[in-house]
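These are the residues of each chain, in order.
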Amino acid sequence: MSGIYIHIPFCERKCNYCDFYSIENKSLIPQFVDKLCREIELRSKNEAPNSSIQSIFFGGGTPSILETYHLERILNSLYRTYPIQNNTEITVECNPGTLSKKDMKAYQSMGINRLSLGIQSFNDAELKFLQRIHSSVEAVDSYLMARDCGFDNINIDLMFSLPIQDLKSWEFTLTKALELKPDHISAYSLIYEPDTPLYRALKDGKIVPHSVDSDSEFFLYTMNYLEDNHYIQYEVSNYSCHGKKCIHNLNYWYGGEYIGFGPSAHSYIGNKRSWNVRNIRNYIDLLTKKSLATEGSEELSFKDKLYESVSLQLRAEGILREEFCRRFGFDPVLEDLFFDNLKENNLIGVSSNKLFLTKKGYLICDEITVKLLELYEIQIDCRK
Ligand code: SF4
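Owing to the predicted nature of the structure, the values given are computational and were not obtained by experimental measurement.

### Details of the packing of helix α1 (residues 29-46) against helix α10 (residues 280-288)
Okay, so step 1: One way to put it is that α1 packs onto α10 with a least axis distance of 9 Å and a crossing angle of 55°. As judged from the angle between their axes, α1 and α10 are oblique. Regarding α1 and α10, the two cross each other, and that crossing is left-handed. Each of Gln 31, Phe 32, Lys 35, Leu 36, Arg 38, Glu 39 and Leu 42 in α1 lies in contact with α10, whose residues at this interface are Ile 280, Tyr 283, Ile 284, Leu 287 and Thr 288.

### Thoughts on the layout of surface pockets
Okay, so step 1: A volume near 230 Å³ is recorded for the second largest pocket.
Okay, so step 2: As for the second largest pocket, its lining consists of 16 residues, and the residues nearest its centre are Glu 227, Gln 233, Tyr 234, Lys 359 and Tyr 362.
Okay, so step 3: Going through the elements one at a time, α8 (212-228), β7 (232-235), β15 (354-357) and α14 (359-363) are the ones with two or more residues in the lining of the second largest pocket.
Okay, so step 4: When the residues that make up the lining of the second largest pocket are grouped by side-chain class, the tally is ten nonpolar, two polar and four charged.
Okay, so step 5: Shared between two domains, the lining of the second largest pocket takes at least three residues from each, and those domains are domain 1 (2-251) and domain 2 (302-383).

### Section: the packing of helix α11 (residues 302-315) against helix α12 (residues 321-328)
Okay, so step 1: Contact geometry for α11 and α12: axes closest at 11 Å, N-to-C directions at 170°. When the axes of α11 and α12 are compared, the pair comes out roughly antiparallel. In this structure, α11 contributes Phe 302, Lys 305, Leu 306, Ser 309, Val 310 and Gln 313 to the contact, and α12 contributes Glu 323, Phe 324, Arg 327 and Phe 328.
Okay, so step 2: In the contact of α11 with α12, the residues fall into five nonpolar, two polar and three charged.

### Notes on unusual backbone geometry
Okay, so step 1: Gly 60 connects to Gly 61 through a cis peptide bond whose omega is 15°.
Okay, so step 2: For Lys 181, which is not glycine, the phi torsion reads 55° and is therefore positive.
Okay, so step 3: Relative to the elements of secondary structure, Lys 181 occurs in the loop between α6 (167-179) and β6 (184-189).
Okay, so step 4: The class of Lys 181 is exposed, set by a relative accessible area of 61%.
Okay, so step 5: If you check the backbone angles, Ser 264 has positive phi at about 70° while not being a glycine.
Okay, so step 6: Position of Ser 264 among the secondary structure elements: in the loop between β9 (257-261) and β10 (266-269).

### Observations concerning the domain arrangement of the protein
Okay, so step 1: According to the domain assignment, the protein contains domain 1 (2-251) and domain 2 (302-383).
Okay, so step 2: Computed from C-alpha coordinates alone, the two centres of domain 1 and domain 2 are separated by 29 Å.
Okay, so step 3: Between domain 1 and domain 2, the residue contacts involve twelve residues of the former and seven residues of the latter.
Okay, so step 4: Buried area between domain 1 and domain 2, summed over both chains or domains, comes out near 900 Å², and the portion from carbon and sulfur atoms is 59%.
Okay, so step 5: Looking only at domain 1, the three residues that lose the most surface to domain 2 are Met 223, Glu 235 and Val 236, adding up to 40% of its buried area.
Okay, so step 6: The shortest N-O distance in the salt bridge between Arg 315 and Glu 235 comes to 3.5 Å.
Okay, so step 7: Counting the contacts that link domain 1 with domain 2 gives four residue pairs in polar contact (both at pLDDT 80 or more).
Okay, so step 8: Of all the secondary structure elements, the ones that give two or more residues to the side of domain 1 that touches domain 2 are α8 and β7.
Okay, so step 9: For the side of domain 1 that touches domain 2, the leading source of residues is α8, giving six residues.
Okay, so step 10: Class assignment for the residues of the side of domain 1 that touches domain 2 results in five nonpolar, four polar and three charged.

About the thresholds
- Residues numbered from 1 in each chain as written.
- Predicted model: local features only at pLDDT ≥ 70, side-chain atom pairs only at ≥ 80, totals over all residues.
- Heavy atoms only, no water.
- Axes fitted to C-alpha atoms, helices over the stretch in contact; angles between N-to-C directions.
- Helix = DSSP H or I, 4+ residues; strand = E, 2+ residues; numbered from the N terminus.
- Parallel < 35°, antiparallel > 145°, perpendicular 65-115°, else oblique.
- Left-handed = near helix turned anticlockwise from the far one by under 90°.
- Contact = heavy atoms within 4.5 Å.
- 1 Å grid on protein atoms, 1.4 Å probe; cavity = no way out; pocket = protein on both sides within 12 Å on 5 of 7 lines; lining within 4 Å.
- Points joined across faces, edges and corners; volume = space filled by probe spheres on them.
- Nonpolar A, V, L, I, M, F, W, Y, C, P; charged D, E, K, R; others polar.
- Domains from an automatic or database assignment.
- Buried < 20%, exposed > 50% of the residue type's maximum accessible area, 1.4 Å probe, protein only.
- Buried area = accessible area lost by both parts, 1.4 Å probe.
- Salt bridge = Lys/Arg side-chain N within 4 Å of Asp/Glu carboxyl O.
- Polar contact = N/O pair within 3.5 Å; in protein donor to acceptor, adjacent residues only side chain to side chain.

The structure is reproduced here in structure tokens:
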């Protein structure tokens, strides 16, 4: 299967923790949409995935900032140029308060069938801390409006481990979230990305982050709480109701091809990964001259592919043993003391077809991944 990602690089206002590429200058939107459609047309002539498209994801930035006719124009360009399946999952990331009922109805009529709402918290002080533009009331209103308009596949994004948050206020956010019965929840730990205002505040000693132990407590609490409420954890940060896993995400994690359009978007086709220029003015200039906005590309080596598969699949529902054997020439479950220790300490599980992390394992996912990759590298070197 294959997916398409469209990066919409505009936001009403930058949030203090965000390092995604987006700008606040909305006057560039019409020009951007024009050039994005040109990029789709140009690239479709020489770049196509090897299978038909099963997911389209409008991310950003804030895609819901675009007029509905802009989104329709982009979708029409895609339908004209790429083999899109009938039942394709089409997601739009939205910020609460940026959509009207009329917009949502228009989304439905153009085939958009999944919304991802960037709610983050139901506590207004926390929303203010993150410099989000919406209130908790607006978040609930936007969600209910989407349901009312017939959306039956809604994700909400939430964030924990905020410096001003304790477990009690996180429990409040989770409880409010579950009252809404979303089909999917993405719950992320706050990350202090370099070059963000929040990172600078941290460096200046203006805020005190949670300790690693406290962060793990938030995470464990989240996993247990959502599991008790019948959500399936299918990746470190992603939980879904039955039948509502995000097809677009699964495609990334399990090695599917994807094409990314827009500034800073990445693509992966055949054996090649490529990425577009990040700056929107460069992006527009290049496409005005009818040249592609690709900034760089690389062929993935055998080791690159191994690293990518292990790190992504371990974070998700586990490494598929048979597929791994076929691609890399050995079983990912090794006869090794390290494996025995992981099993004894209930950090990994092994079934006939998968090697997967337990909840306890998810807490130290990065450490386990690094160690496994070291062991796999030794396996490869021994086989040379
Ligand atoms: S709305 Fe989303 S993309 Fe925009 S600045 Fe905030 S977190 Fe980043």
